[in-house]
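Residue-level listing of the chains:
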Amino acid sequence: MVAQSLASLLQRASIDDHEEVLQSCNAALAKSKSDLQAQHMKVVALLKLDRYEEALKTFQAGGNALKQSAGLEYAYASYKCGKLEDAAEGLTHTASGRGASHLEAQVRYRAEHFRRAAEIYEQLSKDTTSFGHEVNDLSINSWATDAQLQWKGETEFVRHDRLSREDLESFETTYNAACLNIAKGAFKQSEVLLNRAQNICRTSEDLSPEDKVAELLPIAVQQLYVLIQLGKLEEAEAVLKDISVENITELSTKKIARNNIVLARPTAVNPYILYKALHDTPDATNNDRLFEFQDRDMIGNSHAADLLVQKYDGIIRSTTKAQSKCPSPSTDAIPNLLSVYNAAAHAQGETGPKALHKIVPLLERRPTDLGLLLTVVQLYVSNGNTTSAITAMERSLQILEGTNESVRFNPGLLSVLVSLYQLEGRIVQIRTTLAQAASYWRTKPEPPRVPPPRTGDLFRALHQQDPNDRVAIAGYVASQATLDYAQIESELNRLPAVSDLIADIDVSALESAGISPSASSVAAAAAAFAGARKRTAASAEDRANKRVRKSRLPKDFDPAKKPDPERWLPVRDRSSYRPKGKKGKQRAAALTQGGPVNEKAEESPAQQVQKSGGGGGGSNAKKNKKKGKR
C-alpha cells in the first residue's frame, strides 16, 4: 500500500513540489521505518531543498543499507556538510558513473587534492561521446584547479596556459584564468582579464540582475587585490565603492573582502579600528572555508593586528593551543607561522638582542620547533652574529637526527644552513651537509619535490609588459626553451645572431692566453684541504690599491712621495742607517765583516755576568746594589 502510494506520488511529482514529496515520505516512514524506497526519496527531497544536515541524519538512521542504495546522494550530502573523507569513501565504495566522477572531482578540489581533481577533469574532457552541456563546466573547473595548483607550488601539473576563443566568451573561465595569473604573479595580465570578466558578466543575457550583482562582487574583490599589488591605490579606492561587504553571502569571500579593503586604506590607521575590522567576519565552515594559502594569510593578518593592540597573552594562548593540534616537528607553513607569532608575542615588541634574550629560552625548551628556530636564526643574522645562528641550527638538526630524518634533511631547512656556512666561508661543512642530504634522499623512493624557480614567470611578465625589450626576450627564451620550444620559436629571430655578438672577440688570443687561477681560489682550496677557516690571500695589486684609513697614516704622509721600500726593516738593518756616538761606531765596527774580532764582544751576556761575579748571592752583589724606591 505504501509502495503504491509513493509510486503514484512520484508519477505526479514535478521539480517544484519537493516539500510535498518530503511530507509523503515522512507519512510512509511513520508506518514503516525500514521502507528503503521512502528513505531514498526523502533524502533526494532534502537535498533538493538544500537541507543537507537533515539528509545526513536520515542516512544515519537508515544505516548501511540506505548508504549503499543511495551512495551518490550520501556522498553529496557529506560533501555539502564539509565531511570530505566520508564523501570520498562513499564515492569509492558505492557510487560510479560520470556524475560520480564530477562529484569526486569537487570533493578532491575542496580537500585540496588538486592533482587528483585535475586528472579527473582531464579524463572527463577526453570522453567526448558524453560531453553534451558539460563542456563549459569542465573548462571552468579545470581552469580553477590549475589556479590552485599554481598557488600550491605544483606548477609542473598546470595544464592551461592560453585562453581559447571559447574560454574568453565565459566570464567564469576568464575570471579563473585571471586567478591563475595572480598565482603566477602576473598582475598586469590579471587586471586585463578581470576587467574583461566584469564586462562579460554585466552584459550577459543569461543572468538576472540579482545574479549579476552576486557574480560581480567576487570579481571586484579580486580586482581590489590586484590593484593593491600594482600600487594603483587611487583605482583601488574607486573599486571599493562597488564592494558592499554586507551583501556577500559567502563568509570566505566576505573575510577576504574585509582584509583587502583594510589593506587598500592608508596605513596610518588606528590599530584598534584595524583590529575590529579584521575580526568582524566570523570564520567560515564546511565547504565555505578558506583554502590553506588563504587561511595562512588571514592568520598572519589577524595576529599582526593582535600585536598592534598588544594582545600578547592572547596570542600566546591561541597559538599554543593551535600548535598542540599540529604534529611536531612540522615543515607545513601554518604551524611554523604560528610559531613566529608566538615568538613575537613573547618578545612584546622588542627587537635585536632584547628580543633574543626573551626568545632563546623558548628554543632551548622547544629545539625542534622550526618556526621558532628560523625566527631565532633571523634575529642572530640581523645582528651580525652568524656563528650563533649556525650553532642554533646545528643543535636543532642534531636533535632531529635519528628521530625525524625527513625533517632533518628537509631541502628548505638545509638551504638556510648552507647559506649561513657560505657567509663564514665554511666550505668543508657545506660539502658534508650536501653529501649527507644526497645520501639520505637517494635511498627514498620519492625524494622531496623542490619547486622550480619562477624565473620563467618573471621573464614572461617582463616580456608581456614590453615586447620589444631584448633583455626580457632573451631571458624569456632562455627560461622556456627547454620546456616548450614551440612557444618561443617565433621570438628567436628577434634576438641578435651569435656570430654578431662575438665578431670583435679574438678567439685565438684567448686560447693562447689561457686562464690563470685566482689567488682567492687557490687559498680557498688550501683552506678546504686543511679543514681550516681563514681569509683568502689578496693579490699584490689589490693590496696596493686598498684604501687605508687616515687614522693609520703618519702625520707627515705625502701620497705623491714614494714610500721607503726598507720601511718594514728595523732601523739598524736599513742601508741608510748611520750609528751615532762612540759606542754605536764600535758596535758597527764589530759587526763589519773582515774587521778585528773583539773576544769580549763575542761573549754572551751570561758569560760576562759570571766573570764579573754577578748573578751570585755574594757580598759583592750587596755592595754594588744601589738604593732606590721599592
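On a predicted model such as this, the values are computed, not experimentally measured, just so you know.

As for the overall build of the protein
- Looking only at helices and strands, the protein features 35 helices and 0 strands.
- A buried classification covers 35% of the 630 residues belonging to the protein.
- Considering only residue pairs separated by 6 or more positions, the protein has 55% of its internal contacts joining residues 24 or more positions apart.
- Accessible area of the protein: about 40,300 Å², with a carbon and sulfur share of 52%.

Describing helix H17 (residues 312-324)
- When the terminal C-alpha atoms of H17 are compared, their 18 Å separation across 13 residues agrees well with the 18 Å that a helix rising 1.5 Å per residue should span.
- Taken together, the buried positions of H17 are Tyr312, Ile315, Ile316, Thr319 and Gln323. Buried residues in H17, looked at end-on, bunch into an arc of 100 degrees, giving them a common side. Turned more than 90 degrees off the buried face of H17, the exposed positions are Asp313, Arg317, Lys321 and Ser324.
- Those residues of H17 that are buried are in contact with helix H16 (292-308) and helix H18 (333-347).

Observations concerning a nonpolar patch on the surface
- Where nonpolar side chains cluster on the molecular surface, the patch consists of Val498, Leu501, Ile502, Ile505, Val507 and Leu510 and spans about 580 Å² of accessible area.
- Mapped onto the nonpolar patch, the elements with two or more residues apiece are helix H28 (498-501) and helix H29 (507-513).
- Relative to the assigned elements, isoleucine 505 resides in the loop between H28 and H29.

A few points about the confidence of the model for the protein
- For the protein, the mean per-residue pLDDT works out to 78, and 78% of the residues sit at or above 70.
- Looking at the elements of the protein, mean pLDDT is at its lowest for helix H30 (residues 519-530), recorded as 41, and at its highest for helix H20 (residues 370-382), recorded as 93.

Thoughts on the packing of aromatic side chains
- For the structure shown, the criterion picks out 10 aromatic pairs.
- Aromatic pair phenylalanine 114 and phenylalanine 291: ring centres 6.0 Å apart, planes at 55 degrees, arrangement tilted. With phenylalanine 114 in helix H8 (residues 114-126) and phenylalanine 291 in the loop between helix H15 (271-278) and H16, this residue pair connects regions lying 177 residues apart in the sequence.
- By relative accessible area, which is 3% here, phenylalanine 114 ends up buried.
- Counting every residue linked through ring pairs, the aromatic cluster contains Tyr52, Tyr76 and Tyr79.
- Sitting above the plane of the phenylalanine 291 ring, arginine 110 keeps its charged end 4.1 Å from the centroid.

As for the nonpolar core
- Ranked by internal contacts, the top residues of the largest apolar core, which has 32 residues, are Ile359, Leu373 and Met393.
- Listed by contribution, the elements that provide at least two residues to this core are H18, helix H19 (352-365), H20, helix H21 (386-400), helix H23 (411-424) and helix H24 (427-441).
- The dominant element in this core, judged by the number of residues it contributes, is H20, at 7 residues.
- Beyond its immediate sequence surroundings of up to four residues, methionine 393 is in contact with Leu373, Leu374, Val377, Leu413, Val416, Leu417 and Leu420.
- Among the nonpolar cores identified, the runner-up in size contains 27 residues, and Ala147, Cys179, Val226 and Phe293 belong to it.

Comments concerning the pattern of salt bridges
- Under the criterion given, the structure shown has 12 salt bridges.
- Close ionic contact of arginine 108 with glutamate 104 constitutes a salt bridge, the shortest N to O distance being 3.5 Å. With arginine 108 and glutamate 104 both in helix H7 (residues 98-110) and 4 residues apart, this pair spans about one turn of that helix. There is no split in this pair, since arginine 108 and glutamate 104 are both buried.
- Residue aspartate 369 is joined to arginine 366 by a salt bridge in which the shortest nitrogen-to-oxygen separation is 3.3 Å.
- A cluster of three or more residues bridged by salt bridges with shared partners is formed by Glu104, Arg108, Arg116 and Glu119.

With respect to the side chain of asparagine 181
- Examined against the element boundaries, asparagine 181 turns out to sit in helix H10 (residues 171-184).
- Not counting the four nearest positions on each side in its chain, asparagine 181 is found in contact with Ala186, Gln189, Ser190 and Leu193.

Some details on the environment of glutamine 398
- Residue placement: glutamine 398 occurs in helix H21.
- On the accessibility criterion, glutamine 398 (59% relative accessible area) is exposed.
- Taking the C-alpha atoms as reference points, glutamine 398 and arginine 408, separated by 10 residues in sequence, lie 8.1 Å from one another.

Points about the packing of helix H6 (residues 84-93) against H7
- With their axes 10 Å apart at the nearest point, H6 and H7 run at an angle of 155 degrees to one another. Taken together, the axis directions place H6 and H7 in an arrangement best described as roughly antiparallel. Crossing hand, H6 versus H7: left-handed. Facing H6, whose interface residues are Leu84, Ala87, Ala88 and Leu91, H7 presents Ala100, Leu103, Glu104, Val107, Arg108 and Arg110.
- Tallied by class, the residues present in the contact of H6 with H7 amount to 7 nonpolar, no polar and 3 charged.

Overview of the side chain of aspartate 35
- Within the secondary structure layout, aspartate 35 lies in the loop between helix H2 (18-31) and helix H3 (36-48).
- Despite its burial, aspartate 35 pairs with no opposite charge; the closest candidate is lysine 31, at 10 Å N-O.
- Polar side-chain contacts of aspartate 35 include one of 3.2 Å to the backbone nitrogen of glutamine 37.

Let's talk about the environment of lysine 276
- Here lysine 276 is to be found in helix H15.
- Among the residues examined, lysine 276 registers a relative accessible area of 54% and is labelled exposed.
- Taking the C-alpha atoms as reference points, lysine 276 and serine 302, separated by 26 residues in sequence, lie 10.0 Å from one another.

Looking at the packing of H23 against H24
- At a closest axis distance of 9 Å, the pairing of H23 and H24 adopts a crossing angle of 165 degrees. By the angle between their directions, the pair H23 and H24 is classed as roughly antiparallel. At the point where H23 passes H24, the crossing takes the left-handed sense. The residues of H24 that touch H23, namely those facing Leu414, Leu417, Val418, Tyr421 and Gln422, are Gln429, Ile430, Thr433, Leu434 and Ala437.
- Here the residues of the contact of H23 with H24 are counted per class, giving 7 nonpolar, 3 polar and no charged.

Regarding unusual backbone geometry
- Note that the residue after serine 328, namely proline 329, is joined by a cis bond; omega there is 0 degrees.
- Tracing the sequence through the fold places proline 329 in the loop between H17 and H18.
- A positive phi angle, near 65 degrees, is found at glutamate 112, a position not held by glycine.
- Its place among the elements puts glutamate 112 in the loop between H7 and H8.
- Backbone geometry at glutamine 310 places phi at a positive 60 degrees, although glycine is not the residue there.
- Topologically, glutamine 310 is positioned in the loop between H16 and H17.
- Given the relative accessible area of 55%, glutamine 310 is considered exposed.

About the criteria used
Residues numbered from 1 in each chain as written. Predicted model: local features only at pLDDT ≥ 70, side-chain atom pairs only at ≥ 80, totals over all residues. Heavy atoms only, no water. Helix = DSSP H or I, 4+ residues; strand = E, 2+ residues; numbered from the N terminus. Buried < 20%, exposed > 50% of the residue type's maximum accessible area, 1.4 Å probe, protein only. Contact = heavy atoms within 4.5 Å. Areas by Shrake-Rupley, 256 points an atom, 1.4 Å probe, with all protein chains shown as cover. Expected span 1.5 Å × (residues − 1). Arc of directions from axis to C-beta. Patch = residues over 30% accessible without salt bridge, like charges linked within 9 Å, V, L, I, M, F, W, Y side chains within 5 Å. Salt bridge = Lys/Arg side-chain N within 4 Å of Asp/Glu carboxyl O. pLDDT = per-residue confidence, 0-100. Phe/Tyr/Trp six-rings, centres within 6.5 Å; stacked < 30°, edge-to-face > 60°. Lys NZ or Arg CZ within 6 Å of the ring centre and 35° of its normal. Core = buried A, V, L, I, M, F, W, Y, C linked by side-chain atoms within 4.5 Å. Axes fitted to C-alpha atoms, helices over the stretch in contact; angles between N-to-C directions. Parallel < 35°, antiparallel > 145°, perpendicular 65-115°, else oblique. Left-handed = near helix turned anticlockwise from the far one by under 90°. Nonpolar A, V, L, I, M, F, W, Y, C, P; charged D, E, K, R; others polar. Lys, Arg positive; Asp, Glu negative; His and termini not counted. Polar contact = N/O pair within 3.5 Å; in protein donor to acceptor, adjacent residues only side chain to side chain.

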